[in-house]
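Okay, here's what each chain looks like letter by letter:
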Number of protein chains: 2
Amino acid sequence: MNINTLVEQIKKKKSVLCVGLDTDLDKIPKHLLEEEDPIFAFNKAIIDATHQFAVAYKPNTAFYEAYGLKGWESLEKTINYLNEKHPDVFTIADAKRGDIGNTSSRYAKAFFEDLGFDSVTTAPYMGKDSIEPFLAFEEKFTIMLALTSNPGAFDFQTQQIDGTELYKKVLATSTTWEHSERLMYVVGATKAEFLVNIRQIIPDAFLLVPGVGAQGGSMDEVFKYGMNDQAGLLINSSRGIIYASSSEDFAEAAAAEAERLQKQMASHLEKLG
Amino acid sequence: MNINTLVEQIKKKKSVLCVGLDTDLDKIPKHLLEEEDPIFAFNKAIIDATHQFAVAYKPNTAFYEAYGLKGWESLEKTINYLNEKHPDVFTIADAKRGDIGNTSSRYAKAFFEDLGFDSVTTAPYMGKDSIEPFLAFEEKFTIMLALTSNPGAFDFQTQQIDGTELYKKVLATSTTWEHSERLMYVVGATKAEFLVNIRQIIPDAFLLVPGVGAQGGSMDEVFKYGMNDQAGLLINSSRGIIYASSSEDFAEAAAAEAERLQKQMASHLEKLG
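Rules behind the numbers
Residues numbered from 1 in each chain as written. Chains lettered and ligands numbered in written order. Predicted model: local features only at pLDDT ≥ 70, side-chain atom pairs only at ≥ 80, totals over all residues. Heavy atoms only, no water. Least-squares fit on C-alpha atoms with pLDDT ≥ 70 in both. Helix = DSSP H or I, 4+ residues; strand = E, 2+ residues; numbered from the N terminus. Buried < 20%, exposed > 50% of the residue type's maximum accessible area, 1.4 Å probe, protein only. Salt bridge = Lys/Arg side-chain N within 4 Å of Asp/Glu carboxyl O. Core = buried A, V, L, I, M, F, W, Y, C linked by side-chain atoms within 4.5 Å. Contact = heavy atoms within 4.5 Å.

Caption draft 1: The relation of the copies chain A and chain B, seen in detail. Placing chain A over chain B gives an RMSD of 0.0 Å and needs a rotation angle of 180°, together with 0.0 Å of translation along the axis. Overall, the copies show the geometry of a two-fold rotation axis. Distance from the rotation axis, computed per C-alpha, reaches its smallest value in chain A at Ile161(A): 2.0 Å.

If you want it as structure tokens, here you go:
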């Protein structure tokens, strides 16, 4: 996807909402378990109910891999459905991959070409040659972990490295890589005060912000400190939307929660015009 | 697998060889492409030819994911074949996963329970709560990236953090995590001089050493500075073994290369008794 297409969608829908498809057979409504592919049936219903409020969908690959072949099949059906029925939405494979060059090329091929995702999340620990193979793909985006929203983020990411925190070093270094204009970053919303520092290093990049809602982040702070003139934000909600109800009305409940978040976003997005 | 079973295998076979199954349809012998599942057919032939010289097998998941559903099926067949025919070998899913706690639990379930691997590789960037869900599994091992063998290792891993290099901080911090006795570490063999420092921090842990051979590491240095009284090493070779020949004699050529490496290892392993 071209970045302008994403920005147009954001303006049109007045939303930067990303719906996280962390689909779990133990949590979806019981009546769906009779379906041939309960995971896909659930995802399809969620997508149909929420797409007018959301600009991105993010299946977390762990939830699909946990069901083996059957799960991988549900993931394929989900991305195919998104690409066929809603080609305007931005798709994210939340896979957190990263390996030596020839291996990262394989992952990039798997997610960008074979599955047809617009973007994939990656981990930075192995450095430049583990990420550049992803960046080589035109009109595809690589969303690299920078500052995550979990407690373990403080183990290494916020530690001082050469007088600056590791996550800042990661951000600054990554801007020197080839096709760094295709980078986006994962930035945890529970640390909105860090957004000022982050925007000094990467003013233009899109930030994928998890952790609004269930993980405790404040949406208003994210907009205040993280927004730029293209919005520059994708704010994710997973469980808060997809498990808003565990009954037969789950899709309606998901839509209501997505709409509630979209309305909160709209007020901040007015200024984009 | 119990760690003693691995150590017994090492002593019996006088080998710490791990065979990396980075199976690529563009590189396997052409005649195999007529098989129903060429990837599995190749892996099976390689395993049958090399298992007397190797104590571990390591499919790199990227190579399987790159072929979508069909690739995932080949991975399942490969691990099932290893577990049924060669239950004594140690199996490694080289997946480099890591995510927030409930997601890491999913990956752990996928690789340890559903697929039945003995171990999985993980990335440390997200810290403690991204790794401990893997460590919770009894008689399973988590092989965390510490110092990798690629050029990008110098981007972050060897940078000074609070007066010490990041990879040392990662090693030291990880020893405080619950069930850290189930941790092993990826340590690139191209930096054998670092092994002295590493062994000061984690004297007892097993090290998975890639990069001997194609990536230029020296096996003798790895033994000199990395070996402990349980051997404490798994030395990987992927392309050097599995693509030793691209003709119909590929399995024999793989066996010959595996045997050559095993013989080189045996001289260092004599002292284990």
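Caption draft 2: Spatial organisation of unusual backbone geometry. All names here are of chain B. A positive phi angle, close to 50°, is found at lysine 96, a residue other than glycine. The topology assignment puts lysine 96 in strand 3 (residues 90-97). Of the residues examined, lysine 96 reaches a relative accessible area of 8% and is grouped as buried.

Caption draft 3: Broad picture of the pattern of salt bridges. Taken as a whole and assessed by the stated rule, the structure comprises 26 salt bridges over all chains. Note that Glu65(B) is salt-bridged to Arg97(A), the shortest N-O span being 3.0 Å. Pair noted here: Glu65(B) is in helix 3 (residues 61-65) and Arg97(A) is in strand 3 (residues 90-97), and the two residues belong to different chains. The partner of Arg260(B) in a salt bridge is Glu257(B), and the shortest N-O contact between them spans 2.9 Å. Of this pair, Arg260(B) and Glu257(B) both sit in helix 12 (residues 250-269), three residues apart, which is roughly one turn of that helix. The network of salt bridges with common partners includes Lys58(A), Asp94(A), Lys96(A) and Asp99(B).

Caption draft 4: Summary view of the nonpolar core. Of all hydrophobic cores here, the largest spans 202 residues; its most connected members are Phe90(A), Phe111(A), Tyr185(A), Phe90(B), Phe111(B) and Tyr185(B). Apart from residues lying up to four places away in sequence, Phe90(B) is in contact with Met1(B), Leu6(B), Val55(B), Ala56(B), Tyr57(B), Asp118(B), Ser119(B), Phe141(B), Ile143(B), Met184(B) and Leu234(B).

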